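# Secondary and tertiary structure notes
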Amino acid sequence: MQKLSHTASRSGPVALPTEILSKIFLQCTDIDGSLTPANTIDIPLLLTKICRSWRSVAIGTRFLWSRLCLNIKPNAKHQTSIVSTWLTRSGTCPLSIYVMWKDPPYFSTHAILDILVQHSHHWRSMYFFLPLAAYAALFPARGKLPSLQELSLGTHEPSATDPILDAFEVAPRLRSLECVNLHPYMFKFPWDNLSQIPIMTVTITDSLDILRRAPLLESVSFIYTEELIKLPLLPPQLLRHENLKELAVLAPTWNEDIETQVLFRNLITPRLRSLRICNIDRSFGSYLSTFLASINSLESLYLRKTALTEDEVIGLLEVLPTLKHLTLLSSFMFIMVTDLLLTRLTWRSALKTVLVPKLETLEISLPGPLTTAFAEFLESRWDVDGEALPVAKLLQVKVGANDDYDAAIIKRLECLAQAGMSIIIGTTDVPLEDGLEYLSTWSRDDSI
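Now for a look at the structure at hand. (Residues numbered from 1 in each chain as written. Predicted model: local features only at pLDDT ≥ 70, side-chain atom pairs only at ≥ 80, totals over all residues. Heavy atoms only, no water.)

Check the secondary structure of the protein chain and you find 13 helices and 17 strands. Counting the 448 residues in the protein chain, one finds 48% classified as buried. Expressed as a percentage of contacts within the protein chain between residues at least 6 apart in sequence, the contacts between residues at least 24 apart total 69%. Carbon and sulfur atoms form 54% of the exposed surface of the protein chain, whose accessible area is close to 21200 Å². (Helix = DSSP H or I, 4+ residues; strand = E, 2+ residues; numbered from the N terminus. Buried < 20%, exposed > 50% of the residue type's maximum accessible area, 1.4 Å probe, protein only. Contact = heavy atoms within 4.5 Å. Areas by Shrake-Rupley, 256 points an atom, 1.4 Å probe, with all protein chains shown as cover.)

Moving on, we get to the pattern of salt bridges. Taken as a whole and assessed by the stated rule, the structure comprises twelve salt bridges. Here E19 makes a salt bridge to K23, at a shortest N to O gap of 3.7 Å. Here E19 pairs with K23, and both are found in helix α2 (residues 18–29), just four residues apart, close to one helical turn. There is no split in this pair, since E19 and K23 are both exposed. Put simply, R412 and E379 hold a salt bridge, and the shortest N to O gap is 2.8 Å. Here R412 is found in helix α13 (residues 407–419), whereas its partner E379 is found in helix α12 (residues 372–380), with 33 residues between them in sequence. (Salt bridge = Lys/Arg side-chain N within 4 Å of Asp/Glu carboxyl O.)

A separate point is the pairing of strand β14 (residues 361–365). If a strand is regular, its side chains alternate between the two faces of the sheet. The element β14 is extensively covered by neighbouring structure, given that four of its five residues are classed as buried. Strand direction decides the pairing type here: strand β13 (residues 325–329) and β14, joined by four bridges, are parallel. Residue pairing across strands places L328 opposite I364, the latter belonging to β14. Inspection of the sheet shows β14 paired to strand β15 (residues 396–400) by five bridges, in the parallel sense. Its bridge partner lying in β15, S365 is registered against G400. (Pairing = 2+ DSSP bridges.)

Bringing the nonpolar core into the picture now. Ranked by internal contacts, the top residues of the largest apolar core, which has 129 residues, are W123, F128 and F168. In this structure, I199, L250, C278 and Y302 belong to the second largest nonpolar core, which totals six residues. (Core = buried A, V, L, I, M, F, W, Y, C linked by side-chain atoms within 4.5 Å.)

Let us now look at a nonpolar patch on the surface. Where nonpolar side chains cluster on the molecular surface, the patch consists of L16, I20 and I24 and spans about 230 Å² of accessible area. Within the element layout of this structure, I20 appears in helix α2. (Patch = residues over 30% accessible without salt bridge, like charges linked within 9 Å, V, L, I, M, F, W, Y side chains within 5 Å.)

As a further point, take unusual backbone geometry. Cis geometry is found at the peptide bond from P104 to P105, where omega equals 5°. Within the element layout of this structure, P105 appears in the loop between β2 (95–100) and α6 (111–118). The backbone of N181 shows a phi angle near 55°, a positive value even though the residue is not glycine. Tracing the chain through its elements places N181 in the loop between β5 (176–180) and β6 (196–202). Unusually for a residue other than glycine, N279 sits at a positive phi of about 65°. Tracing the backbone through its elements, the reader meets N279 in strand β11 (residues 274–280). Its relative accessible area of 7% is what places N279 among the buried residues.

The residue R304 is located in strand β12 (residues 300–306) in this model. What makes R304 buried here is its relative accessible area of 14%. Along the sequence, R304 and S330 sit 26 residues apart, while their C-alpha atoms lie 6.1 Å from each other.

Turning our eyes to something else, we now look at helix α3 (residues 37–47). Considered for burial, the residues of α3 that qualify are N39, T40, I41, I43, P44 and L47. Along its buried surface, α3 packs onto α2, α4 (52–60), β1 (67–71) and α5 (77–90).

This next bit is on helix α7 (residues 204–213). Residues of α7 that are buried include every one of I204, D206, S207, L208, I210 and L211, and no others. In this fold, the buried residues of α7 make contact with β6, β7 (219–224), β8 (239–240), α8 (261–266) and β10 (267–268).

This paragraph deals with the packing of aromatic side chains. What the rule picks out here adds up to 14 aromatic pairs. Consider the rings of Y135 and F187, whose centres lie 5.4 Å apart with planes at 80°: the pair is edge-to-face. Here the residue Y135 occupies a position in the loop between β3 (123–129) and β4 (150–154), and F187 occupies one in the loop between β5 and β6, the gap between them amounting to 52 residues. Here F187 falls in the buried class, since its relative accessible area comes to 4%. When the centroid spacing of 6.4 Å and the interplanar angle of 25° are considered together, the rings of F168 and F189 count as stacked. One end of the pair, F168, is in the loop between β4 and β5; the other, F189, is in the loop between β5 and β6, and 21 residues separate them in sequence. By relative accessible area, F168 is classed as buried at 1%. (Phe/Tyr/Trp six-rings, centres within 6.5 Å; stacked < 30°, edge-to-face > 60°.)

So, in structure tokens, the structure goes:
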């Protein structure tokens, strides 16, 4: 943008048709689809300062002003002016707005929130991170949300369940809802409409209740907090959810002692395609295996820092013949992958059977160096000799191990990489909560 401005100041801007210029302006502000102060405020303002013709086109491009990211500052009157100007210029365009209010002083209302509520009939994607008391300022939007499709609510304060606010109770097109550090029962929502919950902080009891209230949910990620009282393991009250395809069971790193047995004991999701479990330090008992066995065709399983032994992981994989994508990232207390599992994953014609025969991508962490068993496993999942395999080709492997590499094993991996398998080698020397630090990527055109 700076180079473009400099060129225009010397020779005048290129006279492009208004429609093309408008599309170029929109591309400038929507590079990756995110909402930031730069692409929702700075760039639109810059486009109005190049020359008169560009200013006219920019102001007339309504979608340019329909996106806004704002961090409310104390006594910042210019922010109120920005919001008013943007909403006026956006006309009737659907609005995508991110409002954050993290810095005190806090009040039960704010001029910016009042202006936004006046345009609630144009809200499409709205993201609010506010002090709890300020949410009451959104009440006048109740019944005036015909276009709202995505809603994200969050706070930095301790959550509560009352008073119950009904500003979002009537939102006929709402499909996506997330609550960050905010109890969802503080609000009334049209649960029946929802198809996606990107993230929501709840207890196990809450999550089962939400799944009952939202029968159309297809994707949900729950971050679990502790129950106020210890849950007794009562006789199952089975919940069968026919539409759920993606489920994430997560715990924060500062509280991994979450009891999930009640969840997996009571939930049946026959159409689930993807399951993610992270940071769960409590035993699953036999309930996770039973839960997985009830799924018709799970394709993706992601286990990271979970209280599972290698034998338990093998037991889980035995009931998942349709699995295509597998991630096993061990914790220091529970090692999920050694040569034992790698051997069980290795195809051998004499055995006629193998774990997860449809596996296409794999990500694992090993407790030591790369081993011969690892190389044999990869070779067995690739037609090294040009012979057709009765199992799926393993297309991509990411592995974290220590850097004590054996030259013979590296040579075997090099051959696979040259043949077309994507192999990414990393180290587990960094703490696992920071992820694996990948060091090398091999592909058909790379050499080691």
